[in-house]
Amino acid sequence: MLKQRLALLALPFLVAAAPHDAEKLRDAALKDTVAWDIVEDLTTEIGPRLAGTEAEARARAWAVARLKAMGFANVRVEEFDMPVWVRGEERAEVLGGNPQPLALTALGNSGATPPQGVEAEVIAFDSVAELTAASAERLRGKIVFVTHRMNKAQDGSSYGYFGPVRRLAPSIASQKGAAAIVIRSLGTDNHRFPHTGNQSWSDGAQPIPAAALSNPDADQLERLIKRGKPVRLRLVLTPRQVGIGKSGNVIAEVPGTDPRAGIVLVGGHLDSWDLGTGAIDDGAGVAITAAAAKRIMDAGRPKRTIRLVWFGAEEVGVRGGEAYRSRHSGEPHALASESDFGADRIWRVDFALPPAAKAVADRIEAALAPLGIARSSVQARGGPDVGALVASGVPAVTLQQDGTDYFDLHHTHDDTLDKIDPRKLAQNVAAWTAMLAVVANAPEPLVGGAAQSLPK
Ligand code: ZN
Ligand code: ZN
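Residues numbered from 1 in each chain as written. Chains lettered and ligands numbered in written order. Predicted model: local features only at pLDDT ≥ 70, side-chain atom pairs only at ≥ 80, totals over all residues. Heavy atoms only, no water.

S.K.: Outline the coordination of the zinc ion (ligand 2), listing residues and values.
M.R.: Four donors placed tetrahedrally about a metal ideally form angles of 109.5 degrees, and six donors placed octahedrally ideally form angles of 90 or 180 degrees. In the first shell of the zinc ion (ligand 2), the protein supplies Asp281 (OD), Glu315 (OE), Glu315 (OE) and His411 (NE2), at 2.0 to 2.4 Å from the metal. One way to put it: the four donor atoms around the zinc ion (ligand 2) meet at angles of 58 to 142°, and that makes the site irregular. For the zinc ion (ligand 2), the donor residues sit on a single chain with the sequence spacing D-x33-E-x95-H. Separating the zinc ion (ligand 2) from the zinc ion (ligand 1) is a gap of 3.3 Å, which Asp281 spans by donating to each of them. Of this pair, Glu315 sits in the loop between strand 12 (305-311) and helix 12 (319-328) while His411 sits in the loop between helix 15 (406-409) and helix 16 (422-441), placing them 96 residues apart in sequence. A relative accessible area of 5% means that His411 is categorised as buried. (Donors = N, O, S within 2.8 Å, 3.2 Å for Na, K, Ca; no water. Tetrahedral: all angles 85-135°; square planar, octahedral: opposite > 155°, others 65-115°. Helix = DSSP H or I, 4+ residues; strand = E, 2+ residues; numbered from the N terminus. Buried < 20%, exposed > 50% of the residue type's maximum accessible area, 1.4 Å probe, protein only.)

S.K.: Can you break down the nonpolar core residue by residue, with the values?
M.R.: Phe72, Val144, Trp310 and Leu353 are the most contacted members of the largest nonpolar core, which has 100 residues in total. Taken together, domain 1 (18-85 + 244-441) and domain 2 (88-238) each give at least three residues to this core, which thus spans both. (Core = buried A, V, L, I, M, F, W, Y, C linked by side-chain atoms within 4.5 Å. Domains from an automatic or database assignment.)

S.K.: Explain the coordination of the zinc ion (ligand 1) to me, and be specific about the residues and the numbers.
M.R.: Here the zinc ion (ligand 1) is held by His269 (NE2), Asp281 (OD), Asp340 (OD) and Asp340 (OD), and the distances to it run 2.0 to 2.5 Å. Considering all four donor atoms around the zinc ion (ligand 1), the spread of angles at the metal, 55 to 149°, places the coordination shape in the irregular class. Counting gaps between the donor residues of the zinc ion (ligand 1) yields the pattern H-x11-D-x58-D.

S.K.: Hey, could you go over the pattern of salt bridges for me, with residue numbers and the actual values?
M.R.: With the rule as written, the count across this model stands at 34 salt bridges. Across the salt bridge formed by Arg66 and Asp41, the nearest N and O atoms sit 2.7 Å from each other. Pair noted here: Arg66 is in helix 4 (residues 54-69) and Asp41 is in helix 3 (residues 34-46), with a separation of 25 residues, a long-range link. Under the relative-accessibility criterion, Asp41 is labelled buried at 19%. Across the pair Glu78 and Arg327 runs a salt bridge whose closest N-O atoms are separated by 3.7 Å. Linking Glu78 in strand 1 (residues 73-86) with Arg327 in helix 12, this pair joins segments that are 249 residues apart in sequence. Since its relative accessible area comes to 8%, Glu78 is described here as buried. Counted as one network, the salt bridges with shared partners bring together Arg76, Glu78, Glu253, Arg307, Arg327 and Glu331. (Salt bridge = Lys/Arg side-chain N within 4 Å of Asp/Glu carboxyl O.)

S.K.: How would you explain the packing of helix 11 (residues 279-299) against helix 16 if you had to name every residue and give the values?
M.R.: Between helix 11 and helix 16, whose axes approach to 8 Å, the crossing angle comes to 45°. As the angle between them shows, helix 11 and helix 16 are arranged oblique. Crossing handedness for the pair helix 11 and helix 16: right-handed. Contact residues: helix 11 offers Ala284, Ile288, Thr289, Ala291, Ala292, Ala293, Arg295 and Ile296, while helix 16 offers Leu425, Asn428, Val429, Trp432, Thr433, Leu436 and Ala437. Looking at side-chain class alone, the contact of helix 11 with helix 16 contains eleven nonpolar, three polar and one charged residues. (Axes fitted to C-alpha atoms, helices over the stretch in contact; angles between N-to-C directions. Parallel < 35°, antiparallel > 145°, perpendicular 65-115°, else oblique. Left-handed = near helix turned anticlockwise from the far one by under 90°. Contact = heavy atoms within 4.5 Å. Nonpolar A, V, L, I, M, F, W, Y, C, P; charged D, E, K, R; others polar.)

S.K.: Can you tell me about the sheet that holds strand 15 (residues 374-379), naming the residues and giving the values?
M.R.: If you walk across this open sheet you meet the three strands as 15-14-16, and the pairing is mixed. Two strands lie at the open edges of the sheet, namely strand 15 and strand 16 (396-401), each paired on one side alone. Averaged over all neighbouring strand pairs, the angle between strand axes comes to 30°, with direction disregarded. By the bridge criterion, three bridges tie strand 14 (residues 346-352) to strand 15 in an arrangement that is parallel. Looking at the pairing, Val349 lines up with Arg375 of strand 15. Strands in contact with helix 13 (residues 358-368) are strand 14, strand 15 and strand 16; relative to strand 14, the strand with the most contacts, it is inclined by about 175°. (Pairing = 2+ DSSP bridges.)

If you want it as structure tokens, here you go:
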């Protein structure tokens, strides 16, 4: 009798361990349509989801209903407050002998022009370094134009190198007394879509109008300047700070059988910029990670709890990631990993695991190889919303998507559902499912111990 009862008690654990065959789950996920359905519904029914706005709140309500319907446990929203900036009118025109409009869009936290706009002469710089070296005298009252062009890179590294054009140049221009600043978009396309993105004013820098020109418009402005006569622009930009609003992280779980084994944190960000419908940034990421977590859930209870987080307000300063970290960093995390680099195929896997978990990396590498994914020696950083946790020692696996074309669409009106290839999306789900199947059930300890890249 006792023997029978012990056998019954043991049964769920036996059942739990067996069904998470990474290869089988991976191959089934190559036919996934769950992720496509999520990103189609989100981008169609909600559309743009600017942080702190009513649209982002609608996305959270949508997300809670969706994640409950999918069968996840402990579905909830963790709200936080944040300052909210909204876009206004945005127009630019060349004045004088070659009058014509230019396509531009305000950067996050841009100051506003008066309703009738601001008119001034343009002063151009090839780089942030050149702008930094310029005297305030030359900039005073002018419209600064920084025209450093970003190039394509499979790993997206250009975004890091060229990022200061958007993040730093507006503050530098303001501190030197410029009337406004326009930058060449941080984008790799040649379409007339300007790329928005966040920037924040450094200490002592008063907000000035700050906008990005599309690449063809930046080319046009360069050609006009090369003709040797002063070029004057009129800018009309009327964004506003509307005070403190609410954002929030949407959380859902697949409860594990062993609470001491730590939490496997995965997700993407639910907010988007307001221009497109946030399909590749980051509807794809929330969809991929939810579809993969559901596949593990449907196959049986994993050893570790999988916690899915759809972060709020990533675009405007990683506020959801920070809110999560301040609330949950004391909990044992076995892994943290975010999908936030579009919907193209995963081609590379990076690790940051404790040395005692080297076999986990080897098993993940083996499970991903048939998907055309290779192991790097780069240390995983986990993704923007989990980066601070990972930097503090939480293990990470980063499934790197091919970023060659990501910055053609990133933060533009052109970030829409039609840009997602359902087969590539399913390859992502397959990779995430295989990775989760290994990590969520690994017998090796993952919590604690300095995480390292563990090259072969
Ligand atoms: Zn993103
Ligand atoms: Zn983004």
